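Chain by chain, the residues:
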Amino acid sequence: MTALLDLQSVSVSIGKVALLDGISLSVARGQILGLVGESGSGKSLTAMAAMGLLPLIGGRVTQGAVRFDGQDMAAMTEAERRKLRGGRIGFVTQNPMTALDPVQRIGEQVDVVSRLHLGLDRKAARARTLDLLTQLRIPEAAAVAEAWPHQLSGGMKQRIVIAMALAGEPDLIIADEPTTALDVTVQAQIIQILGNLVREKGVALMLITHDMGVVAQICDRVAVLYGGRLAEEGAVAPIFAAPAHPYTSALIGCIPQEGMAKGALRGIPGAVPSALAFPTGCRFHPRCDRASELCRSTVPPTDPRGDGRVACHHPGALA
Amino acid sequence: MIAPLRALTRPQGGIAGLWLILVIVAAVFAPLLTPYAYDIQNLPNAYQPASGAHWLGTDEFGRDLLTRLIYGARTSLSVSATAISISVLCGMVLGAAAAWFGGWLDRIVTMTVDLTWSFPEILIALILVAIIGPGTTGVMIAIAVAYLAQFTRLTRAQIMTLKGETFIEAARSLGAGNAHILFRHLLPNALAPVLVSAMLATGDAIILEATLGFFGLGAQPPVPSWGGMMSAGSALIFKAPWVIVFPGLAVAITVVAINLYGDALIAELDIRARLRRDA
Amino acid sequence: MLPWLVKRLLMLVPVFLAVSVVIFSILHFIPGDPIDNLLKIGSSPEARAEMEVRYGLDKPLPVQYGIWLGNVLQGDLGTAIVARRPVADLIAQALPHSLRLGGLALLFSTVVGVVLGVVAALNRDRWPDRAIMGGVLVGSTMPSFWLGLILILIFSVSLGWFPVSGARGWQSLVLPVLTIGLGGMALVARITRVSMIEASGRDFVTLLHAKGLSPLRIQLRHVLRHALIPVVTILALRIGWILGGAVTVEVVFARPGLGTLLIKSLSQHDYPVVQACLLMLAMAVMLGTLLGDILQALMDPRVRAALS
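Residues numbered from 1 in each chain as written. Chains lettered and ligands numbered in written order. Predicted model: local features only at pLDDT ≥ 70, side-chain atom pairs only at ≥ 80, totals over all residues. Heavy atoms only, no water.

**Some details on the overall build of chain C**
In step 1: Counting its regular elements, chain C contains 14 helices and 0 strands.
In step 2: Taken from the N to the C terminus, the helices and strands of chain C come in the order α-α-α-α-α-α-α-α-α-α-α-α-α-α.
In step 3: When the backbone C-alpha atoms are referred to their principal axes, chain C occupies close to 85 × 55 × 30 Å.
In step 4: Here chain C, with 308 residues, has 48% of them falling under the buried criterion.
In step 5: Relative to all contacts within chain C whose residues are 6 or more apart in sequence, the contacts with residues 24 or more apart total 71%.
In step 6: Carbon and sulfur atoms make up 68% of the accessible area of chain C, which amounts to about 13,900 Å² in all.
In step 7: Across chain C, the mean location of the 25 positive side-chain charges is 14 Å away from that of the 16 negative side-chain charges. (Helix = DSSP H or I, 4+ residues; strand = E, 2+ residues; numbered from the N terminus. Buried < 20%, exposed > 50% of the residue type's maximum accessible area, 1.4 Å probe, protein only. Contact = heavy atoms within 4.5 Å. Areas by Shrake-Rupley, 256 points an atom, 1.4 Å probe, with all protein chains shown as cover. Lys, Arg positive; Asp, Glu negative; His and termini not counted. Charge placed at Lys NZ, Arg CZ, Asp CG, Glu CD.)

**Quick look at the nonpolar core**
In step 1: Judged by nonpolar contacts, the single largest core of 135 residues is most densely connected at Leu126(B), Ile143(B), Tyr147(B), Leu212(B) and Trp226(B).
In step 2: With 17 residues, the single largest contributor to this core is helix H9 (residues 178–214) of chain B.
In step 3: In contact with Leu212(B), not counting residues within four places along its chain, are Ile122(B), Ala125(B), Leu126(B), Val129(B), Val139(B), Ile143(B), Leu217(B) and Gly218(B).
In step 4: Ranked by size, the runner-up nonpolar core spans 113 residues in total, among them Met76(A), Leu197(A), Tyr226(A) and Ala227(C). (Core = buried A, V, L, I, M, F, W, Y, C linked by side-chain atoms within 4.5 Å.)

**Description of the sheet that holds strand S5 (residues 71–72) of chain A**
Residue and element names in this part refer to chain A.
In step 1: Taken together, 4 strands build an open sheet; the order of strands is S2-S1-S4-S5 and the sheet is antiparallel. Either end of the sheet is taken by a strand with one partner, and the two such strands are strand S2 (17–28) and S5.
In step 2: When strand S1 (residues 3–14) meets strand S4 (residues 59–68), the two strands line up antiparallel, connected through 8 bridges. Bridging from a neighbouring strand, Gln8 pairs with Ala65 of S4.
In step 3: Running at roughly 115° to S1, helix H1 (residues 43–51) makes contact with S1, S2 and S4 of the sheet. (Pairing = 2+ DSSP bridges. Axes fitted to C-alpha atoms, helices over the stretch in contact; angles between N-to-C directions.)

**Quick word on the interface of chain C and chain B**
In step 1: On the side of chain B, 33 residues touch chain C, which itself brings 37 residues to the contact.
In step 2: Buried surface at the junction of chain C and chain B, both sides included, amounts to about 3,100 Å², of which 87% is carbon and sulfur.
In step 3: Sorting the residues of chain C by area buried against chain B places Thr141(C), Phe145(C) and Trp146(C) first, and these three jointly supply 19% of that buried surface.
In step 4: Between the two partners, chain C and chain B, sit 0 salt bridges.
In step 5: Across the chain C-chain B interface, the total number found is 1 residue pair in polar contact (both at pLDDT 80 or more).
In step 6: When the residues that make up the side of chain C that touches chain B are grouped by side-chain class, the tally is 31 nonpolar, 5 polar and 1 charged. (Buried area = accessible area lost by both parts, 1.4 Å probe. Salt bridge = Lys/Arg side-chain N within 4 Å of Asp/Glu carboxyl O. Polar contact = N/O pair within 3.5 Å; in protein donor to acceptor, adjacent residues only side chain to side chain. Nonpolar A, V, L, I, M, F, W, Y, C, P; charged D, E, K, R; others polar.)

**Re the confidence of the model for chain C**
In step 1: Averaged over every residue, the pLDDT of chain C is 83; the share at 70 or more is 94%.
In step 2: Predicted as a complex, the structure gets a pTM of 0.80 and an ipTM equal to 0.86. (pLDDT = per-residue confidence, 0-100.)

**Remarks on the packing of aromatic side chains**
Residue and element names in this part refer to chain A.
In step 1: Per the counting criterion, the structure on display carries 9 aromatic pairs over all chains.
In step 2: Aromatic pair Tyr226 and Phe284: ring centres 4.9 Å apart, planes at 80°, arrangement edge-to-face. Remark: Phe284 occurs in the loop between helix H11 (246–253) and helix H12 (293–297) and Tyr226 occurs in strand S9 (residues 221–226); sequence separation between them is 58 residues.
In step 3: Three or more aromatic residues joined by ring pairs make a cluster, and in this case those are Tyr226, Tyr247 and Phe284.
In step 4: Over the aromatic face of Phe278 sits the side chain of Arg283, whose NZ or CZ is 3.9 Å from the ring centroid. (Phe/Tyr/Trp six-rings, centres within 6.5 Å; stacked < 30°, edge-to-face > 60°. Lys NZ or Arg CZ within 6 Å of the ring centre and 35° of its normal.)

**Quick notes on the pattern of salt bridges**
Residue and element names in this part refer to chain A.
In step 1: Throughout the structure, instances matching the rule amount to 22 salt bridges over all chains.
In step 2: With a closest N to O distance of 2.9 Å, Arg126 and Asp111 form a salt bridge. With Arg126 in helix H5 (residues 122–135) and Asp111 in helix H4 (residues 106–117), this pair connects stretches of sequence that are 15 residues apart.
In step 3: You can call Asp111 buried: its relative accessible area is 6%.
In step 4: Here Glu232 makes a salt bridge to Arg305, at a shortest N to O gap of 3.8 Å. Of this pair, Glu232 sits in strand S10 (residues 229–235) while Arg305 sits in strand S11 (residues 303–305), and the two are 73 residues apart along the sequence.

**Description of the sheet that holds strand S8 (residues 204–209) of chain A**
All names here are of chain A.
In step 1: The 8 strands are arranged S6-S7-S8-S3-S9-S10-S12-S11 in an open sheet whose pairing can be described as mixed. A strand with exactly one partner marks an edge of an open sheet, and here the two such strands are strand S6 (89–92) and S11. Between one strand axis and the next, the sheet turns through 25° on average, direction left out of account.
In step 2: Judged from the 4 bridges that link them, strand S3 (residues 32–36) and S9 form a sheet pairing that is parallel. Within S9, the position partnered with Val36 by the bridge is Val224.
In step 3: Sheet strands touched by helix H8 (residues 184–201): S3, strand S7 (172–176) and S8. Its angle to S8, the strand with the most contacts, is close to 155°.

**Topic: a nonpolar patch on the surface**
All names here are of chain B.
In step 1: On the surface, Leu5, Leu8, Leu18, Ile21, Ile24, Val25, Val28, Phe29, Leu32 and Leu33 cluster together into a nonpolar patch covering about 960 Å² of accessible area.
In step 2: Contributions of two or more residues to the nonpolar patch are made by helix H1 (2–9), helix H2 (11–28) and helix H3 (30–33).
In step 3: Sort the elements by how many residues they give to the nonpolar patch and H2 lands first, with 5 residues.
In step 4: Mapping Val28 onto the fold places it in helix H2.
In step 5: A relative accessible area of 47% means that Val28 is categorised as partly exposed. (Patch = residues over 30% accessible without salt bridge, like charges linked within 9 Å, V, L, I, M, F, W, Y side chains within 5 Å.)

**Some words on H4(A)**
In step 1: The element H4(A) is extensively covered by neighbouring structure, given that 9 of its 12 residues are classed as buried.
In step 2: Taken together, the buried positions of H4(A) are occupied by Ile106(A), Gly107(A), Gln109(A), Val110(A), Asp111(A), Val112(A), Val113(A), Ser114(A) and His117(A).
In step 3: The inward-facing, buried residues of H4(A) contact helix H2 (78–84), H5, helix H6 (141–145) and helix H7 (154–167) of chain A together with helix H10 (215–237) of chain C.
In step 4: Count one or two residues on from H4(A) and you reach Gly119(A), which has phi positive near 70°.

**Section: helix H12 (residues 258–267) of chain C**
In step 1: Taken across its 10 residues, H12(C) has 7 buried, putting it largely inside the fold.
In step 2: Buried residues of H12(C): Leu258(C), Gly259(C), Leu261(C), Leu262(C), Ile263(C), Ser265(C) and Leu266(C), and no others.
In step 3: Residues of H12(C) that are buried make contact with helix H6 (121–132) of chain B together with helix H5 (87–122), helix H11 (239–252) and helix H13 (271–299) of chain C.
In step 4: In the stretch just after H12(C), His269(C) is the one whose phi turns positive, near 55°.

**A look at the interface of chain C and chain A**
In step 1: Each side of the interface is counted separately: chain C has 22 residues, and chain A has 27 residues.
In step 2: Across the interface of chain C and chain A, roughly 2,000 Å² is buried in total on both sides, 67% from carbon and sulfur atoms.
In step 3: Of all residues in chain C, the largest losses of buried area upon contact with chain A belong to Leu207(C), Ala210(C) and Lys211(C), amounting jointly to 29% of the total for that side.
In step 4: If you look at where chain C meets chain A, you find 0 salt bridges.
In step 5: Scanning the region where chain C abuts chain A turns up 10 residue pairs in polar contact (both at pLDDT 80 or more).
In step 6: In terms of residue class, the side of chain C that touches chain A is built from 9 nonpolar, 6 polar and 7 charged.

**Re the packing of helix H4 (residues 65–101) of chain B against helix H11 (residues 242–269) of chain B**
Residues and elements named next belong to chain B.
In step 1: Two numbers describe how H4 lies on H11: the axes approach to 11 Å, and their chain directions differ by 40°. Classified by the angle their axes make, H4 and H11 are oblique. Considering how the two elements wind past one another, H4 and H11 form a crossing that is right-handed. In contact with Leu65, Leu69 and Leu77 of H4, H11 contributes Trp242, Val243, Phe246, Pro247, Ala250 and Thr254.
In step 2: Its residues assigned to classes, the contact of H4 with H11 shows 8 nonpolar, 1 polar and no charged. (Parallel < 35°, antiparallel > 145°, perpendicular 65-115°, else oblique. Left-handed = near helix turned anticlockwise from the far one by under 90°.)

Below, the structure is given as structure tokens:
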């Protein structure tokens with residue numbers, strides 16, 4: 001399978017602070033990649049890099065290349081990149097409550113995407129918008145299109161954001177924690193909608209989340225980030241069966257299990273390191289029970305493991 | 001007292017601060033610095049443009065303009081600063097009382113403040129001077145009242161936000177009384193934003209003082225004030241424009257300097273957010 | 001929206017009453033008896049008493065207030081003591097001049113201020129931003145009467161482009177409008193810049209970029225729309241300030257208007273005229289805040305929702 005989005009050892013800095021260090025990952029059409037890590041691990045930054053939106057937050061790619069459909073995004077003109085954004089790459093944001101322009105009607109906010117990227121006129125764009133809203137099971141699509149954002153619930157707004165992401169007929173959708181701000185029941189619906197899109201339309205989906213449960217539920221592959229570096233990457237099933245990186249197994253341990261006592265949610269001890277003071281060697285070593293002198297002094301190399309990769313001096317055995 | 005000094009090390013704050021120090025020093029030591037008297041007329045010498053003997057020229061009575069400008073700084077700065085000090089003191093008491101005691105007191109204070117706040121200061125001051133009568137005292141009181149609303153509002157907002165914070169709860173649970181909490185905890189913490197905005201308001205007050213002086217309501221002749229000098233100069237605008245140009249420049253540069261130094265101080269104290277919330 | 005508007009208008013009634021009490025009572029503290037100015041020196045006490053009865057000054061203050069307010073509500077603003085003409089006539093003569101001046105100054109400061117603010121925000125921390133914000137700071141620190149005189153000096157005296165004073169033709173409006181407008185422009189430019197920078201950082205702007213919209217379109221169609229909401233609100237609140245600026249500038253340019261009338265009547269202790277002028281200014285301020293509220297509701301659907 002050829003990669004649609006391909007990050008080749010990408011490093012990113014904001015100002016003088018290096019935040020991402022040599023991240024390599026790829027997503028193919030019809031595939032769902034889960035990008036996992038605690039907040040501060042660099043997930044959202046990876047998404048911004050993939051869309052070429054780093055300048056917006058004052059960041060830049062210092063090393064490596066972001067390739068979309070074989071083309072180096074750094075070699076494109078800004079106009080070409082803009083054509084990709086909203087067109088071939090759809091984006092679903094973290095917080096639907098603040099994602100929509102509060103002083104523009106819902107319909108117009110969706111229309112603009114297909115007018116811009118598919119060249120539709122006003123009427124055709126609105127027809128497409130209503131069609132998309134109906135596909136996303138939004139009742140009374142026509143009324144919703146005339147509504148203001150503040151009149152909709154969070155789950156409804158997230159569907160609108162998804163509709164906007166779909167309006168340009170994208171090949172890739174990047175969804176940055178699309179469910180964190182929503183109720184649990186709505187979360188399940190949104191995840192289901194995204195999963196169906198991949199199965200039915202064959203788009204590629206990069207799903208950013210901190211919830212390993214979601215990954216197990218719908219993802220094909222998973223990439224685990226820690227402190228701006230890739231910890232482990234591979235197909236979901238083998239990684240869940242036998243995580244190689246201690247951080248991956250800690251994250252899997254955080255999934256609430258049936259029959260667990262209320263409030264018995266496990267967290268990972270210790271805190272996410274600040275980008276201003278990353279630990280030496282393996283950045284996970286202060287929180288790791290397998291840490292050795294080697295981990296403290298030397299950055300672990302990224303080795304192949306199964307069909308994936310892991311960066312750990314003391315990886316767990318394959319199942 | 002470190003922050004005001006550190007503000008001087010910023011490029012804009014430094015230049016602005018130097019100008020302010022220069023003006024204040026000149027105002028304080030005016031008699032030592034000026035070779036002429038500000039009030040003795042020398043009619044043959046009238047309407048002289050700038051020269052070696054009179055750096056900024058002379059006015060319609062032949063008095064040295066630079067001398068009068070320096071003495072004028074005395075009047076303008078002292079009247080504005082005193083007025084704002086009175087305003088800050090009263091405003092802090094009113095604002096703190098309103099925020100602390102709440103209820104009808106708060107409602108009355110807030111309503112009065114909102115009402116006066118939407119009226120231009122110049123109108124309030126004009127009417128007050130009309131009541132009290134022209135002269136420095138009248139101007140001082142008028143300016144103080146005109147800016148009262150601003151400081152009451154600001155202090156009240158500061159105290160309202162501080163009131164809910166944990167260290168106040170802690171002090172209260174330790175049995176501290178109203179007065180103790182108010183004077184030992186709340187007011188000191190509200191002080192920095194109020195003082196900085198007082199400084200910026202002093203700049204506005206200098207303009208207001210000059211405007212009242214321009215209407216002939218400020219310091220009465222022969223005592224010079226920047227506004228009074230411009231009032232006299234407006235009649236001479238064709239014959240001796242420098243008489244009005246220099247006092248106006250003095251006002252403008254001083255007020256710009258106050259603003260620039262104030263900005264540096266705000267950045268140094270890191271209180272921009274606290275000031276903007278109440279703007 | 002309509003019930004809100006009715007309620008909002010009703011709220012103006014107590015404010016108007018409070019303002020009228022303040023205006024009425026403040027003026028009776030002004031020392032100096034206008035009657036003295038009218039009487040010839042050595043007039044008899046009888047003549048004086050007769051004068052007081054004529055102007056209603058013999059009655060107790062609350063009664064005077066009641067009579068005055070009643071008359072005001074019927075459009076009768078009394079008789080000017082010095083000019084010996086109905087105050088309403090004087091106001092009717094002065095008001096259009098002030099409205100024209102204030103309206104044009106408001107228009108000028110809004111349009112130019114917004115444009116400068118947008119240019120500064122789009123070039124944040126680069127030289128156009130620094131130049132504009134520096135100019136704006138200098139512009140807002142000059143006393144308006146001085147600025148007016150300097151403009152006269154440059155454009156009327158040296159260049160001869162505009163008349164020095166008076167109110168004949170559009171040429172006579174240019175310098176006064178500039179003088180008042182520059183201060184307001186500085187305020188508008190500052191608020192526009194700050195709110196645009198603040199709005200650019202919001203979440204929805206990131207999504208607009210992700211939709212592939214061009215940065216200029218995002219700034220002008222979306223960010224600016226948000227930035228204008230606080231600009232309009234603050235401008236409406238500051239309508240009184242613009243009128244205050246008009247007071248001094250009218251005097252400097254020797255233009256007829258409320259300001260000149262107010263200053264003249266203050267120095268002549270002509271109560272009825274001063275009262276009427278202040279009342280007009282107060283009403284302008286009240287209508288300004290009302291207008292601000294309405295505009296805000298028109299511009300922001302969330303505000304509309306909260307109101308109905």
